[in-house]
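Listed below, chain by chain, are the residues.
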Amino acid sequence: MKSSVMIRFLGFLSLLCGVLIVGTHLLTQSLIRVNQETILRESLTQLLPGMEKQVVYEVEPSGEIVIAHGQAGGAKRIFAGYDAHGKLVGVVLEASARGYADVISAMYAYAPEKKLITGLIVVEMRETPGLGNKIGSDPEFLANFKALDASHPVGAVKHGTKRNPWEIDAISGATISSRAVGRMLSASIGEMAPVIERHRERIERGN
Amino acid sequence: MKDTAPNPFVNGLWRQNPTFVQILGMCPTLAITNSVQNAIAMGLATAFVLTCANGIIAAIRKHVPKQVRIATFIAIIATAVTITDYFVKAISIPVYKALGPFIPLIVANCLVLERAEAFAAKKPVIPSILDGAGMGLGFAFGLTCLGTVREVLGAGTFLGFPLFGPNFEPWVLFLLPPGGFISLAIWLLVFASFRERKEAKERAALVEIQHAEVKP
């Protein structure tokens, strides 16, 4: 067989496959975006009970904050949630750190005036099922984040040895994953708390 | 054997089951069967890819130059996989995240290419689609069998519902990689003993017939 026939055939096939893939992408992209937004909204309402409306800020490299419009770029985001009267309920921040298997990313609620972490949701992880992945579901572990003192550097301690309000009681058998959660929170708080403190009045007003 | 041309759908689902008889596609079989939900999702995704790829390949089989047929099959399979990837993401993001890299890796599942080369490249469209669906659902069935054993023993739940109450101590080993090998071995043993018993019965029946023929 002449090679020109093969080249023509493969060229035509690639074109057809390309068209199919691009078509599917166009067909599904709005659905995918809706899904992602629903998940984000559900996480926010779970982290900030009583939240009625939200404002998303982006932190600029200079440390200034601006209200984010449209799709998120690479900038750190602050989700501020307000109740029906426009009063600030709390802010939600994103954090991530390397766990046992891959990067763990989470969202947590932070109350700026009390300097307390008031809730945590693990958004993405590939930790060992049955051991490390308990960081996303174990009620005893998640209870650590109902009122975690963030005015002091937070960190995970061995299971059963939590003494102070800034310590996280690790899950026995999932120490590496628990420590990763502690690490990501202390890094994120260290970076974001000063920014929030500087712009607290503006965030409280919601403009 | 009495039926020389078995129904391609039943053939894949049972007689030539990819997991338990052909032992193909072991990478996803061992990797993502730690929960029933993941096993079903992965099985259905593979079944969809197999059915689409088999159908398209059978439709164009007469136009494919022989020398480039493998490249053609892979391009078609990869397209079907990419489309599946988008659809899973559009249907459920949690499932998409749980399956992680394993959906793109369906491209490398030898089961899909094997069916393209062994069946769809030689047969008309309808039997090829039936074969793809049968093999795919047979694969999904195999994954679900493994996922059930691993989730029930390893987490004490089925599809996320607790089965044994709070005092059950999960046998975490079954969620870890060794548990995949152990439960696969258990299922292969079960299926092999089924087959052995059936063959023994057929042999006995044959002997009886020969006996009856000799007598008069």
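Keep in mind that what you see is a predicted model, and the values were worked out from it rather than measured. (Residues numbered from 1 in each chain as written. Chains lettered and ligands numbered in written order. Predicted model: local features only at pLDDT ≥ 70, side-chain atom pairs only at ≥ 80, totals over all residues. Heavy atoms only, no water.)

The two faces of a sheet get side chains in turn, since along a regular strand they alternate between them. All names here are of chain A. Where strand β5 (residues 103–111) and strand β6 (residues 116–124) come together, 7 bridges link them in antiparallel fashion. Bridging from a neighbouring strand, Y108 pairs with L120 of β6. In this antiparallel pair of consecutive strands, β5 and β6, the connection spans 4 residues, and K115 shows a positive phi of 55°. Strand direction decides the pairing type here: β6 and strand β7 (residues 148–149), joined by 2 bridges, are antiparallel. Its bridge partner lying in β7, I117 is registered against L148. (Pairing = 2+ DSSP bridges. Helix = DSSP H or I, 4+ residues; strand = E, 2+ residues; numbered from the N terminus.)

We now examine the pairing of strand β4 (residues 88–98) of chain A. All names here are of chain A. Two elements, strand β3 (residues 77–82) and β4, share 5 bridges in a ladder whose sense is antiparallel. If you follow I78 over to β4, its bridge partner there is L93. Hairpin geometry of β3 and β4 is characterised by an intervening segment of 5 residues between the two adjacent antiparallel strands and by a positive phi of about 85° at G86. Note that β4 and β5 share 8 bridges and pair antiparallel. What sits directly across from E94, in β5, is M107. Counting the residues in the hairpin turn of β4 and β5 gives 4 residues.

To continue, consider the layout of surface pockets. Gaps between atoms show up when a probe of the same size as a water molecule is rolled over them. All names here are of chain A. Considering only enclosed or pocket space, the second largest pocket measures out at about 900 Å³ in volume. If you trace the second largest pocket, you find 34 residues lining it, with Q36, L40, R77, F79 and E94 closest to the centre. For the lining of the second largest pocket, the residue count by class is 15 nonpolar, 8 polar and 11 charged. When residues are assigned to domains, the lining of the second largest pocket turns out to be shared by domain 1 (1–47) and domain 2 (50–205), each giving three or more. (1 Å grid on protein atoms, 1.4 Å probe; cavity = no way out; pocket = protein on both sides within 12 Å on 5 of 7 lines; lining within 4 Å. Points joined across faces, edges and corners; volume = space filled by probe spheres on them. Nonpolar A, V, L, I, M, F, W, Y, C, P; charged D, E, K, R; others polar. Domains from an automatic or database assignment.)

To continue, consider the domain arrangement of chain A. Residues and elements named next belong to chain A. When cut into domains, chain A gives domain 1 (1–47) and domain 2 (50–205). A separation of 33 Å is found between the C-alpha centroids of domain 1 and domain 2. Counting from both sides, the interface comprises 7 residues of domain 1 and, opposite them, 11 residues of domain 2. Of the roughly 850 Å² buried where domain 1 meets domain 2, counting both sides, 77% is carbon and sulfur surface. Counting the surface domain 1 buries against domain 2, the share from its top three residues, L40, L44 and L47, is 68%. If you look at where domain 1 meets domain 2, you find 0 salt bridges. (Contact = heavy atoms within 4.5 Å. Buried area = accessible area lost by both parts, 1.4 Å probe. Salt bridge = Lys/Arg side-chain N within 4 Å of Asp/Glu carboxyl O.)

Let us look at the nonpolar core. All names here are of chain A. Y110 and L185 are the most contacted members of the largest nonpolar core, which totals 39 residues. The set of elements that each furnish at least two residues to this core consists of β1 (53–59), β3, β4, β5, β6 and α3 (175–198). Sorting elements by how many residues they give to this core places α3 first, with 9 residues. Aside from chain neighbours lying at most four places away, what touches Y110 is G90, V91, L93, K115, L116, I117, T118, A150, I189, A193 and I196. (Core = buried A, V, L, I, M, F, W, Y, C linked by side-chain atoms within 4.5 Å. Buried < 20%, exposed > 50% of the residue type's maximum accessible area, 1.4 Å probe, protein only.)

We note that K115 of chain A has phi near 55°; this positive angle belongs to a residue other than glycine. The phi dihedral of L159 of chain B is positive, around 55°, even though this residue is not glycine. Within the fold, L159 of chain B resides in the loop between β1 (157–158) and β2 (161–162).

On to the packing of helix α4 (residues 69–91) of chain B against helix α6 (residues 110–120) of chain B. Residues and elements named next belong to chain B. Packing of α4 against α6 brings their axes to within 10 Å, and their N-to-C directions diverge by 130°. It follows from the interaxial angle that α4 and α6 lie oblique. Considering the relative orientation of α4 and α6, their crossing is right-handed. Side by side, α4 and α6 meet where R69, I70, F73, I74 and I77 of the first sit next to V112, L113, A116 and E117 of the second. Classifying every residue of the contact of α4 with α6 gives 7 nonpolar, no polar and 2 charged. (Axes fitted to C-alpha atoms, helices over the stretch in contact; angles between N-to-C directions. Parallel < 35°, antiparallel > 145°, perpendicular 65-115°, else oblique. Left-handed = near helix turned anticlockwise from the far one by under 90°.)

All right, on to the environment of K87 of chain A then. Residue and element names in this part refer to chain A. Position of K87 relative to the elements: it lies in the loop between β3 and β4. Remark: the alpha-carbon pair of K87 and M51, spanning 36 residues in sequence, is separated by 9.4 Å. In this structure, K87 is in contact with G81 and Y82, ignoring residues within four places of it in sequence.

Here the focus is the sheet that holds β7 of chain A. All names here are of chain A. One open sheet accounts for 7 strands, arranged β2-β1-β3-β4-β5-β6-β7; its pairing is antiparallel. In the strand order of this sheet, the two ends are held by β2 (65–67) and β7, each with one partner. Summarising the sheet, β1 and β3 pair through 6 bridges and their orientation is antiparallel. Bridging from a neighbouring strand, Y57 pairs with I78 of β3. Across the sheet, helix α1 (residues 3–47) lies against β1, β3, β4, β5 and β6, angled at about 45° from β5, the strand it touches most. The strands touched by α3 are β1, β2, β3, β4, β5, β6 and β7; relative to β4, the strand with the most contacts, the crossing angle is about 130°.

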